[in-house]
4 protein chains.
Amino acid sequence: MTASDLFGPLFATNEMRSLFSERATLARMLKVEAALAEVEAAVGVIPRGAAGPIAAACNPDRYDIAELGLAAPASGNVAIPLVKALTAEVARRDKEAARFVHWGATSQDIIDSATSLAIRDGAALIGRDLDRAIKAFAALARRYRKKPMAGRTWLQQALPITFGLKAARYAAMLARVRAQLHEAANNASVLQFGGAAGTLASLGSKGSTVSKKLAASLDLDLPDLPWHGERDRVAVVATTLGIVIGASGKIARDVSLMMQTEVAEAFEPAAPGKGGTSTMPHKRNPVACAQILTAATLAPGLVASVLSGLVQEHERALGGWQAEWIALPQLFLLASGAVAQLAETAKGLEVDTERMRANLEFTNGLVMAEAVQMALGEKLGRMEAHDLLETASKKAVTEGRHLREVVGEIPHISETLGEKKLDALFDPLAYLGSAEEFIDRALKSAEQTLAKSAKPKGKKR
Amino acid sequence: MTASDLFGPLFATNEMRSLFSERATLARMLKVEAALAEVEAAVGVIPRGAAGPIAAACNPDRYDIAELGLAAPASGNVAIPLVKALTAEVARRDKEAARFVHWGATSQDIIDSATSLAIRDGAALIGRDLDRAIKAFAALARRYRKKPMAGRTWLQQALPITFGLKAARYAAMLARVRAQLHEAANNASVLQFGGAAGTLASLGSKGSTVSKKLAASLDLDLPDLPWHGERDRVAVVATTLGIVIGASGKIARDVSLMMQTEVAEAFEPAAPGKGGTSTMPHKRNPVACAQILTAATLAPGLVASVLSGLVQEHERALGGWQAEWIALPQLFLLASGAVAQLAETAKGLEVDTERMRANLEFTNGLVMAEAVQMALGEKLGRMEAHDLLETASKKAVTEGRHLREVVGEIPHISETLGEKKLDALFDPLAYLGSAEEFIDRALKSAEQTLAKSAKPKGKKR
Amino acid sequence: MTASDLFGPLFATNEMRSLFSERATLARMLKVEAALAEVEAAVGVIPRGAAGPIAAACNPDRYDIAELGLAAPASGNVAIPLVKALTAEVARRDKEAARFVHWGATSQDIIDSATSLAIRDGAALIGRDLDRAIKAFAALARRYRKKPMAGRTWLQQALPITFGLKAARYAAMLARVRAQLHEAANNASVLQFGGAAGTLASLGSKGSTVSKKLAASLDLDLPDLPWHGERDRVAVVATTLGIVIGASGKIARDVSLMMQTEVAEAFEPAAPGKGGTSTMPHKRNPVACAQILTAATLAPGLVASVLSGLVQEHERALGGWQAEWIALPQLFLLASGAVAQLAETAKGLEVDTERMRANLEFTNGLVMAEAVQMALGEKLGRMEAHDLLETASKKAVTEGRHLREVVGEIPHISETLGEKKLDALFDPLAYLGSAEEFIDRALKSAEQTLAKSAKPKGKKR
Amino acid sequence: MTASDLFGPLFATNEMRSLFSERATLARMLKVEAALAEVEAAVGVIPRGAAGPIAAACNPDRYDIAELGLAAPASGNVAIPLVKALTAEVARRDKEAARFVHWGATSQDIIDSATSLAIRDGAALIGRDLDRAIKAFAALARRYRKKPMAGRTWLQQALPITFGLKAARYAAMLARVRAQLHEAANNASVLQFGGAAGTLASLGSKGSTVSKKLAASLDLDLPDLPWHGERDRVAVVATTLGIVIGASGKIARDVSLMMQTEVAEAFEPAAPGKGGTSTMPHKRNPVACAQILTAATLAPGLVASVLSGLVQEHERALGGWQAEWIALPQLFLLASGAVAQLAETAKGLEVDTERMRANLEFTNGLVMAEAVQMALGEKLGRMEAHDLLETASKKAVTEGRHLREVVGEIPHISETLGEKKLDALFDPLAYLGSAEEFIDRALKSAEQTLAKSAKPKGKKR
């Protein structure tokens with residue numbers, strides 16, 4: 001569904017939909033077949049002349065996707081009919097060469113190596129959008145570092161924070177998951193090449209040489225040994241995508257809550273026709289958040305499927321492996337959409353700092369009670385301060401009045417602190433503890449992460 | 001993925017892929033729009049003349065799926081751009097009529113009612129294939145009711161059963177889940193019609209009349225009230241599909257185990273090119289089982305996503321509802337493939353009763369030790385019988401000999417029971433307890449279920 | 001964890017914790033053993049005199065739970081060491097009787113039948129609390145049927161609804177899931193009795209009679225045949241509990257959103273020390289909602305585990321069955337806590353109807369724009385009405401003024417409708433469509449459900 | 001359940017059950033409270049004399065677990081009643097000191113830091129058992145490097161492998177997940193300290209100093225900023241445990257398949273009373289495998305719950321965070337049991353190499369057809385070789401004869417290769433490709449992993 005033309009754009013980027021299109025999936029498998037033929041010809045496992053015709057036939061446009069799909073059920077996967085079709089295509093040019101198609105490989109070698117290529121490239125796309133989101137939230141953190149808003153716990157206003165601190169927390173979280181994704185994708189960008197039972201038996205003594213060159217040719221790492229039945233690396237990619245999506249969902253949840261009619265502190269960037277309804281002109285639906293939250297609702301289940309699939313039978317299995325074909329692309333697609341929407345949301349977020357400050361007044365000053373109590377405690381001792389504030393707060397609640405007003409009327413408080421000091425204590429900016437230091441540390445870490453992903457590398461990733 | 005041309009045929013029936021194709025999805029939404037216009041015109045909510053042009057424009061072939069898909073992200077769903085496109089299409093013929101498109105409805109009304117139609121029709125397809133599978137397993141139960149095989153617990157041979165009993169258990173289970181599916185789909189085949197906030201406010205006093213007629217026109221039930229945010233009925237469909245798939249997976253697991261090279265008792269039906277590999281002519285891969293087991297690996301996660309989505313915000317939500325669009329079709333698709341493969345497997349199952357009987361010899365008669373002990377107990381008392389058999393069994397294991405031989409050499413046993421009786425006790429068919437009665441009861445229940453689904457009904461389901 | 005003394009009370013009722021306590025679990029297994037002995041003695045399968053000593057030893061207090069637990073790993077389940085301990089206990093009184101303990105049964109028979117008892121009783125407990133919640137929400141629906149509040153979609157104010165309608169939706173949903181639970185539990189309250197391989201071989205021709213009487217003695221239904229490997233009934237119970245919890249979560253999400261400092265429309269019932277924090281006197285944490293939402297976060301995964309477990313091997317399996325022991329009790333425990341908290345929340349919910357009405361003013365009258373447009377449309381034609389309202393709404397937004405004021409200044413509007421009519425149109429109660437009818441229908445259905453569960457039955461459920 | 005006395009031992013180690021016992025959980029929270037008081041006293045945030053009495057009261061044995069549990073629901077967590085009880089306990093000795101209990105902290109600070117300690121120590125326990133399993137499988141890889149067995153794909157015999165290769169694949173996989181776990185636990189062993197809204201406001205300018213010293217005192221890392229609502233690190237631990245369990249499940253699945261009566265190639269180590277049944281003396285149930293597979297059935301759902309919980313509201317949330325309290329300990333408990341059982345299974349695995357070789361004969365030599373074809377191809381050209389072998393294989397299948405016999409009768413084959421060469425070609429050891437090289441590489445990697453975890457560190461982990 002997530003790859004479809006109708007529902008796809010709602011949940012995935014166009015780039016990622018291209019990467020996991022049927023044509024591109026085919027292209028990756030054919031890329032592996034072509035590289036295999038070229039390497040084997042170079043090494044002398046197959047005749048030197050066979051590589052050319054095989055590579056030439058590895059053009060995905062030559063194959064009928066629907067036909068391959070319909071042939072798949074009899075074989076159990078799409079690589080087997082593809083190899084058959086490829087062999088026929090080569091044979092049309094060079095009968096001899098056709099006999100060396102797919103030499104020494106099993107269908108899972110082709111599918112898995114193609115998946116490794118998809119992981120490598122898909123993670124790079126998501127990484128790039130994560131970098132954009134990190135940058136944007138870092139910018140918000142810097143810009144709003146001194147703009148107070150209500151810190152909310154249990155969906156209740158608790159104490160003041162700044163919007164900059166909130167954004168810094170997001171940036172730091174995204175930087176952490178970005179590093180995780182980089183690592184997971186790197187570890188999983190490995191060749192699969194083992195032949196029918198994972199021994200490369202049909203290549204005799206040349207298995208090792210062919211493997212090494214094949215990995216290099218595909219820009220994949222060479223694993224210690226084939227991993228047809230040991231899918232931990234793929235599972236780590238899946239779980240990491242699940243965490244990327246969940247982290248995006250956390251932020252989307254917050255933004256959608258801040259966009260509530262009654263809160264109205266921050267808004268997804270406006271765009272013509274976006275999130276509006278003609279009959280309800282006041283509404284501005286958090287459509288980007290909804291798309292991210294949808295991904296966050298779907299991802300845990302998809303991750304669970306991949307984890308269930310780990311329990312595989314012997315050398316090559318039935319059920320667990322095949323489930324990856326469905327679940328892994330969906331995780332990439334959903335992650336692509338979630339992160340891209342998140343980056344756009346962060347970049348264009350409309351922040352209403354006045355409303356943030358105004359909302360801090362919702363409790364009639366009670367969010368500042370702790371600040372007054374602390375200041376008073378330094379003079380009167382903590383116990384007395386606590387008792388005084390408790391009484392004042394209860395009074396403010398009962399009478400529906402502002403706490404500042406109430407404490408102003410309690411001589412023991414107003415005289416001890418003085419009116420000016422009391423006014424100052426009701427300034428949320430004066431009660432932010434280590435917020436700025438936290439922001440600075442988070443920004444520094446985020447920058448280090450961004451610097452790492454900006455570094456040029458020999459490899460594509 | 002499961003709906004795609006490349007991977008779809010592996011995991012879903014063509015019929016179900018058609019039912020959930022992008023075009024058919026569009027068609028269902030347009031069907032709801034057309035019915036709405038017709039009902040509202042009949043009732044006088046919109047001008048009588050508006051219905052014709054609207055209904056005429058509700059032809060799915062007039063719309064560009066990719067374009068609608070690309071317009072969806074700004075609105076958050078595909079119904080909003082569809083309504084826009086439909087309005088434009090109507091306007092091309094009749095500007096006045098165009099103003100009455102989608103009158104009084106919210107986009108979720110259209111999407112949900114279309115989903116109800118899909119549930120109704122999708123469940124009917126799966127029900128039909130479940131009936132086929134039940135019939136086929138019932139036939140196997142009848143045919144093999146007296147064919148002994150090893151009952152296996154913990155993947156170890158335990159006591160003899162018959163293959164008929166095994167098949168009867170499958171038939172009974174499938175009959176139970178078939179009844180569940182029927183009920184779940186029936187309950188969920190309900191209209192959604194509530195307008196922007198679920199009150200049908202813009203229809204004034206006519207909401208009730210329109211709702212009733214709309215439900216009738218779509219052959220859906222009329223619910224007590226709109227259910228935009230209360231998705232329990234949809235969730236029951238999802239969980240039931242999860243159980244249908246899991247039940248199919250149980251049987252597929254068994255068949256794949258029986259097909260093992262070393263067991264070789266039953267086989268998926270052969271077909272040219274099915275499950276074979278040219279280089280390994282002895283292999284007969286359980287490809288249908290693999291496809292079913294893949295569905296069984298994926299389904300629990302998809303069900304979990306739908307359940308997570310139940311927690312929705314207020315009148316219409318963000319995230320939880322939208323996740324259904326992705327998860328529910330996949331469950332239908334996977335269930336369709338799993339059940340169809342299961343029905344085919346059951347119908348054409350190749351059963352090797354000789355091998356079943358031969359495998360019972362793997363333990364050198366130990367699977368019959370309990371039978372001998374019981375018979376001996378009647379003569380000698382249970383305690384003595386137990387001790388004698390324990391000694392004999394140990395001897396058989398240690399010396400690698402057949403238990404029949406060993407007990408024949410123990411005079412106290414052979415004389416008590418006699419050679420003829422002893423021979424008879426080693427006949428697995430003589431130690432099957434209530435197996436036949438169980439088969440009869442299961443067959444009767446299965447037949448009742450089949451009879452129920454064969455009954456003609458006014459409604460489509 | 002959910003059963004533990006430290007975390008249990010947070011998430012489960014004391015009753016349900018008792019039902020799934022280690023001692024009660026043991027007691028159910030012993031109850032099955034006792035009933036088995038009594039029935040077999042009555043039927044003559046075991047000596048008449050054996051039943052008494054066996055039944056006498058089936059007292060859970062005689063057994064050391066920790067010792068049984070430590071013995072379990074070698075056998076793979078707790079029934080095997082329990083049978084051993086029970087046999088020893090019987091032998092202390094009557095050596096002969098000890099030989100007939102557990103006669104003809106396999107350990108899974110005991111564990112599963114005990115589980116059926118737990119399902120029956122656990123569902124009754126949850127059903128009772130669901131009834132309480134349904135009643136309480138029905139009362140809220142009646143009481144607040146004419147109290148307007150903002151209908152919210154996408155977390156944005158959309159159109160007015162009443163709190164009564166919201167509560168009616170909850171009552172209707174809970175009534176539906178209550179009926180589902182009743183049905184699921186009834187279907188799963190079945191005996192398990194099949195012996196080692198599900199044939200009751202060791203009972204010879206008496207299997208059927210013993211089964212029938214054993215089911216009756218335990219107040220369980222008699223299934224067609226043993227179901228050691230076919231767990232669909234248990235899975236339906238698990239998924240239904242998942243839906244019960246998810247439905248509770250939906251309501252808890254709503255309540256927690258209404259409790260937000262900035263919304264403040266409804267509150268969990270207050271209790272001394274509940275949800276408060278001494279340093280933040282203004283806070284009233286939605287602690288009951290949090291407990292329900294925690295259950296809703298955990299349940300989908302537990303359901304997925306049970307569904308994954310459906311794929312079992314042959315006659316009795318390894319892994320899938322055993323997972324039920326952990327997942328099923330947790331679902332019961334979490335459901336018990338969620339539903340009980342929900343019932344309490346519903347019963348004591350503090351509703352601030354003034355605040356609800358005041359919040360409707362958050363949009364400066366824009367939530368009523370559609371109502372004005374509809375009225376205007378009847379006089380001026382819909383198109384002109386739409387254009388006039390669109391202009392007015394935009395003006396209201398831009399100038400930060402109330403829509404009533406703005407439309408009053410547009411002569412074409414104010415003259416057409418008149419000031420009095422205009423005032424009336426801004427009354428949310430005048431734009432509620434079919435809300436009352438919906439409430440009535442929902443209440444009627446809820447009452448029918450309650451009536452059904454109140455009916456006295458022969459059986460315990 | 002997994003922590004209980006009755007079911008706990010089946011699925012978790014005693015050590016891990018101790019680590020997550022209610023008492024130990026309490027002890028960790030009190031450890032954080034004690035350290036907090038000591039650090040704050042040292043820094044001068046609280047009176048120097050307050051630390052002693054507070055630390056003295058932080059003795060878990062002083063508190064009534066059931067009482068704390070029953071008090072938790074009103075507060076929503078167990079830390080709040082614990083702080084209350086701790087304060088009362090301190091007050092009994094020193095009223096003044098009692099006022100400084102929990103100074104500046106929020107209950108989540110205590111619970112999360114305690115969780116970090118549990119993660120650190122729990123991961124160390126699992127890491128140690130993973131090391132044991134890796135060592136044991138590496139030893140099997142070395143010992144059986146030249147012992148042939150059937151490589152099985154799709155549960156069908158494919159080509160020969162060696163048992164050493166299989167074990168090497170396991171060792172390599174476990175080494176990879178072991179490294180992942182080390183990293184995940186290291187990253188998550190961080191302090192949580194932010195106060196009510198994550199700013200440490202009540203500590204004024206001393207928040208940073210206290211944090212740093214508190215982290216050091218608890219042997220935890222200092223994070224950039226509080227992470228009350230950003231749970232990615234915990235999620236990575238959960239997903240990694242899910243992968244550890246899944247990897248264990250893969251091996252358990254294989255072992256249970258090899259233990260099948262009809263395969264009988266490898267067996268869990270025997271122990272008195274383990275996996276046996278008195279009435280079926282031939283059975284040897286794979287009880288350790290069952291326990292591992294149960295964990296593997298449960299883990300994906302628990303991981304999904306933690307991932308769903310990532311979507312948290314604002315500064316501190318309701319539902320998502322709390323779900324960790326239930327899911328995370330269960331993952332640790334299940335992982336502990338699975339890995340410990342796996343290590344024991346690996347250490348004591350009984351391998352029947354004769355049976356492995358005998359089973360290779362199940363196909364009447366067809367598993368070696370590819371080897372003959374390859375050798376023949378070098379002499380006759382590949383095409384002719386392929387055709388000859390295809391004919392021979394079909395003949396062998398049809399006539400139920402051994403392929404060696406059949407090819408011996410085809411002069412073109414027997415003359416080309418000679419009888420001696422033909423005999424050699426039917427030796428599975430001669431057709432193992434790169435198996436030994438793969439083993440060597442895997443062993444080297446495994447050793448590097450083991451060396452890393454053996455390195456002494458300053459920190460506990």
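Conventions we followed
- Residues numbered from 1 in each chain as written.
- Chains lettered and ligands numbered in written order.
- Predicted model: local features only at pLDDT ≥ 70, side-chain atom pairs only at ≥ 80, totals over all residues.
- Heavy atoms only, no water.
- Helix = DSSP H or I, 4+ residues; strand = E, 2+ residues; numbered from the N terminus.
- Rg over C-alpha atoms; globule rule 2.2 N^0.38 Å.
- Buried < 20%, exposed > 50% of the residue type's maximum accessible area, 1.4 Å probe, protein only.
- Contact = heavy atoms within 4.5 Å.
- Pairing = 2+ DSSP bridges.
- Salt bridge = Lys/Arg side-chain N within 4 Å of Asp/Glu carboxyl O.
- Phe/Tyr/Trp six-rings, centres within 6.5 Å; stacked < 30°, edge-to-face > 60°.
- Buried area = accessible area lost by both parts, 1.4 Å probe.
- Polar contact = N/O pair within 3.5 Å; in protein donor to acceptor, adjacent residues only side chain to side chain.
- Nonpolar A, V, L, I, M, F, W, Y, C, P; charged D, E, K, R; others polar.
- Least-squares fit on C-alpha atoms with pLDDT ≥ 70 in both.

Participant: Would you mind showing me how to read the overall build of chain A here?
Facilitator: Assigned secondary structure in chain A consists of 20 helices and 4 strands. Taking 461 residues into account, the globule formula puts the C-alpha radius of gyration at 23 Å, and chain A, at 30 Å, lies well above it. In terms of its C-alpha atoms, chain A occupies a principal-axis envelope of roughly 100 × 50 × 40 Å. Across the 461 residues that make up chain A, the buried fraction comes to 69%. Intrachain contacts of chain A at a sequence separation of at least 6 include 75% that bridge at least 24 residues.

Participant: I keep staring at unusual backbone geometry and nothing clicks. Help me out?
Facilitator: Excluding glycine, residues mostly carry a negative phi; peptide bonds, for their part, are mostly trans. Here W154 of chain A, not a glycine, exhibits a phi torsion of approximately 55°, which is positive. Topologically, W154 of chain A is positioned in the loop between strand 1 (148-153) and strand 2 (156-162). Judged by its relative accessible area of 4%, W154 of chain A is buried. One non-glycine residue, L155 of chain B, adopts positive backbone phi at about 65°. Within the element layout of this structure, L155 of chain B appears in the loop between strand 1 (148-153) and strand 2 (156-162).

Participant: Would you mind going over the pairing of strand 2 (residues 156-162) of chain D with me for this structure?
Facilitator: On a regular strand, each side chain points to the face opposite its neighbour's, so the side chains alternate between the two faces of the sheet. Residue and element names in this part refer to chain D. The element strand 2 is extensively covered by neighbouring structure, given that 7 of its 7 residues are classed as buried. As judged from the 5 bridges shared by strand 1 (residues 148-153) and strand 2, these two strands associate in the antiparallel manner. Paired with P148 across the bridge in strand 2 is T162. Connecting strand 1 to the antiparallel partner strand 2 that follows it, the hairpin turn spans 2 residues, and W154 within it adopts a positive phi of roughly 55°.

Participant: Could you clarify how one ought to interpret the pattern of salt bridges in this entry?
Facilitator: One side chain can pair with another of opposite charge once the charged atoms of both are near each other. Residues and elements named next belong to chain A. Under the criterion given, the structure shown has 143 salt bridges over all chains. Residue R284 pairs with E350 through a salt bridge whose shortest N-O separation is 2.9 Å. Here E350 lies in strand 4 (residues 350-351) and R284 lies in the loop between strand 3 (266-267) and helix 12 (287-308), a separation of 66 residues in the sequence. Given a relative accessible area of 25%, R284 falls into the partly exposed group. Under the relative-accessibility criterion, E350 is labelled partly exposed at 33%. With its nearest N and O atoms 3.1 Å apart, the salt bridge here joins E437 to R441. One end of the pair, E437, and the other, R441, are both in helix 20 (residues 435-454), 4 residues apart, so they sit about a helical turn from each other. Look at E437 and you get partly exposed, because its relative accessible area is 30%. Judged by relative accessible area, which is 22%, R441 ranks as partly exposed.

Participant: What am I meant to see in the environment of S414 of chain C here?
Facilitator: All names here are of chain C. Mapped onto the elements, S414 comes out in helix 18 (residues 411-417). A relative accessible area of 12% means that S414 is categorised as buried. Separated by 38 residues in sequence, S414 and L376 place their C-alpha atoms 9.8 Å apart. With sequence-adjacent residues up to four places away left out, S414 is seen in contact with V407, G408, E419 and L422.

Participant: Would you mind going over the packing of aromatic side chains with me for this structure?
Facilitator: Each aromatic ring pair is specified by the distance between its two centres and by the angle formed by the two planes. Residues and elements named next belong to chain A. Summed over the entire model, instances satisfying the criterion amount to 28 aromatic pairs over all chains. With a centroid separation of 4.8 Å and 85° between ring planes, the pair formed by W321 and W325 is classed as edge-to-face. Of the two residues, W321 and W325 both sit in helix 13 (residues 320-348), 4 residues apart, roughly one turn of that helix. Owing to a relative accessible area of 7%, W325 belongs among the buried residues under this scheme.

Participant: I tried to follow the interface of chain C and chain B on my own but got confused; where do I start?
Facilitator: Many analyses report the size of an interface as the accessible area lost when the parts associate. Taken together, the contact between chain C and chain B spans 90 residues of the former and 90 residues of the latter. Each partner contributes to the roughly 7,900 Å² buried at the junction of chain C and chain B, and carbon and sulfur atoms together form 61% of this total. Looking only at chain C, the three residues that lose the most surface to chain B are W154, D224 and H314 of chain C, adding up to 10% of its buried area. Seen at the junction of chain C and chain B, the total is 10 salt bridges. Here R169 of chain B and E315 of chain C are joined by a salt bridge, their closest N and O atoms 3.0 Å apart. Linking chain C with chain B are 34 residue pairs in polar contact (both at pLDDT 80 or more). Looking at the side of chain C that touches chain B residue by residue, the class counts come to 45 nonpolar, 25 polar and 20 charged.

Participant: I'm lost on the relation of the copies chain C and chain B in this one. Help?
Facilitator: Turning one copy of the chain about an axis and sliding it along that axis gives the other copy, so a rotation and a shift relate them. Relative to chain B, chain C is turned by 180° and slid 0.0 Å along the rotation axis, the superposed coordinates differing by an RMSD of 0.1 Å. In the structure described here, the two chain copies are related by an operation that fits a two-fold rotation axis. A high fraction, 100%, of the interface residues of chain C reappear at the interface in chain B, so the copies pair face to face through one surface.

Participant: Looking at this structure, how should I read the interface of chain A and chain B?
Facilitator: Taken together, the contacts link 60 residues of chain A with 60 residues of chain B. Here chain A meets chain B over a buried area of about 4,700 Å², counting both sides, of which 73% is carbon and sulfur. The interface formed by chain A and chain B holds 0 salt bridges in total. Our count for the contact surface shared by chain A and chain B stands at 13 residue pairs in polar contact (both at pLDDT 80 or more). Of all the secondary structure elements, the ones that give two or more residues to the side of chain A that touches chain B are helix 1 (8-11), helix 2 (14-19), helix 3 (22-43), helix 5 (65-75), helix 11 (232-258), helix 12 and helix 13 of chain A. No other element matches helix 12 of chain A, which puts 11 residues into the side of chain A that touches chain B. For the side of chain A that touches chain B, the residue count by class is 32 nonpolar, 22 polar and 6 charged.

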